[in-house]
Amino acid sequence: MTQRYSVISNPHLEGIQVPERTLETGDALGVLTGRQFHVCGDIVLGALPYVDPHAGGVFVTGAYGPSRVQRLRRQFPTVPFMLEPRSLSEYRANEDAPFLIDIGDNELFPATLDAALDKQRLDMGSDLAITPTGQFRTGDTDTVRKALEEVNALDRKDVLFAAAFEGGWLNDEQNVKFIRSVINRSNHPVLLSFVGTANPMGGKKRIRAYRRIMEESTRPVVAYRTDMAGFDARALGAIASAIGALPSARRLTPPGSGGSPDDPTDLAPHELIGDMLRFVRSKEMRRRWFAEAEPILCFCVVCRGRSIDRFTHLEADRREGHLHTVAELTRMHSSTIGMTQLELKAHWGNLVRGALDAYEQLEEHIGVQLGRPNDLQVWAEGIA
Ligand SMILES: [Zn+2]
């Protein structure tokens, strides 16, 4: 096989030929099975050439989503597009109104959940409908139960139950069990995501709790708006994952917080280095990793042999860095096509071992000791 990067290598990332398939529009399980999803806002127009036409799909965020999907649909007819309702980032659910029903001004029919879902499918061109759920406050089990009850009353197979929990839910074992029970009682696949001003899954305790939910869920669940935890979730049994092309799409932020980056002064992009299973800021690479050593070269279709730390805060660079990430996710998924659940689990274990090894290769090259991220440490516990 050819290596993606100079200096480091994770030998388990070998892509295979992706079989052709048609788009199972309107069939949630059909669309979700076997695909890797990307969460994209403005970048969606540029990202599509790097999305696998038969094993990829896109969740589109933002107010311009519908018009963009209309433009892209003709050019990429086999790629599923789902439009994320604005409630997920702009609304807090409460027991009286767990959903933000938003069907426009000129509707002649009542503002029901069913009508809101029809609008997404028929007017906006979404291949599946997503419940316009608000974010669930930590411990607010009554509101979650109310939402689940309404979702379970829907008699249609094109629905995804969007369930966005504040990160604090993961701190408490009872709340973790509750989330799992909600997934297991849902008649529709659950889009599970977490909310935080910083990474809602930054600490080891929360990462372990998230893994338990994925491992012990018996109904279809999608790891939504996540990072490499999405691949771990797949290995633990999630039906699919949807990973953000840029940091703001790898989690949800509370309504009104503006979705600002972790460090507003640092707009240089985070790139995915698949061989290490991590996203890393180009600024950190320039300052810490390659201050004294030659930078890693990336041979993906976007970078074409240029250095991986070249991206600056300038818009064109940020965009290119995010496109590298989309291409890298597509490569990672292609190495899993056709695997059984057991094979996928074993493959993930190999990827984790390969990533630990890639850290050592990099340390040797740069002569600097690097810490291992919390998530990689927890995944390594899982394969020990
Ligand atoms: Zn690249």
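Each remark here, short or long, concerns the structure printed above.
Throughout what follows, the structure given in this document is the object of discussion. Everything quoted here is computed from the prediction, not taken from an experiment.

This part is about the packing of aromatic side chains. All chains considered together, the criterion is met by nine aromatic pairs. Here the aromatic rings of F194 and Y210 are separated by 5.9 Å at their centres, their planes lie at 75°, and the arrangement is edge-to-face. In this pair, F194 sits in strand β7 (residues 190-195) while Y210 sits in helix α8 (residues 204-216), placing the two residues 16 residues apart along the sequence. Overall, F194 belongs to the buried group, its relative accessible area being 4%. Its guanidinium or amino end placed over the ring of F279, R250 lies 3.6 Å from that ring's centre, counting from NZ or CZ.

The next thing to look at is the coordination of the zinc ion. Only C298 (SG), C300 (SG), C303 (SG) and H324 (ND1) from the protein reach the zinc ion as donors, at distances of 2.0 to 2.4 Å. Each of the four donor atoms bound to the zinc ion contributes to angles spanning 107 to 112°, and the resulting shape is tetrahedral. Here the donor residues for the zinc ion map to a single chain with the spacing C-x1-C-x2-C-x20-H. Separated by 24 residues along the polypeptide, C300 in the loop between β12 (297-298) and β13 (306-307) and H324 in helix α11 (residues 315-334) bring together distant segments of the chain. Taking relative accessible area as the criterion, H324 reaches 0% and is therefore assigned buried.

Below, the discussion takes up the pairing of strand β9 (residues 240-244). Summarising burial for β9: five of the five residues are buried, a large majority. Side-chain alternation along β9 places A240, A242 and G244 on one buried face and S241 and I243 on a second face that is also buried. As defined by bridge partners, strand β1 (residues 36-40) adjoins β9 across three bridges and the pair is classed as parallel. Within β9, the residue paired with F37 across the bridge is A242. Bridge analysis of strand β8 (residues 221-226) against β9 gives four bridges, and the strand direction is parallel. Across the sheet, T226 pairs through a bridge with I243, a residue of β9. Assessed by its sense of winding, the connection that carries the chain from β8 through helix α9 (residues 229-236) to β9 is right-handed.

What follows concerns the pairing of strand β2 (residues 56-60). Counting buried positions along β2 gives five out of five residues, so the element sits mostly inside the fold. Burial along β2 is two-sided: the face carrying G56, V58 and V60 and the face carrying G57 and F59 are both buried. Taken together, the five bridges between β1 and β2 define a ladder with parallel strand orientation. What sits directly across from C40, in β2, is V60.

A few words now on the side chain of D158. You can see D158 is positioned in the loop between α6 (141-152) and β6 (159-166). Note on D158: relative accessible area 5%, which makes it buried. One polar contact links D158 to R121, side chain to side chain, over a distance of 2.8 Å. A polar contact is formed between the side chain of D158 and the side chain of R156, at a distance of 2.8 Å.

Conventions we followed
- Residues numbered from 1 in each chain as written.
- Predicted model: local features only at pLDDT ≥ 70, side-chain atom pairs only at ≥ 80, totals over all residues.
- Heavy atoms only, no water.
- Phe/Tyr/Trp six-rings, centres within 6.5 Å; stacked < 30°, edge-to-face > 60°.
- Helix = DSSP H or I, 4+ residues; strand = E, 2+ residues; numbered from the N terminus.
- Buried < 20%, exposed > 50% of the residue type's maximum accessible area, 1.4 Å probe, protein only.
- Lys NZ or Arg CZ within 6 Å of the ring centre and 35° of its normal.
- Donors = N, O, S within 2.8 Å, 3.2 Å for Na, K, Ca; no water.
- Tetrahedral: all angles 85-135°; square planar, octahedral: opposite > 155°, others 65-115°.
- Pairing = 2+ DSSP bridges.
- Right-handed = clockwise from strand over helix to strand, strands pointing away.
- Polar contact = N/O pair within 3.5 Å; in protein donor to acceptor, adjacent residues only side chain to side chain.

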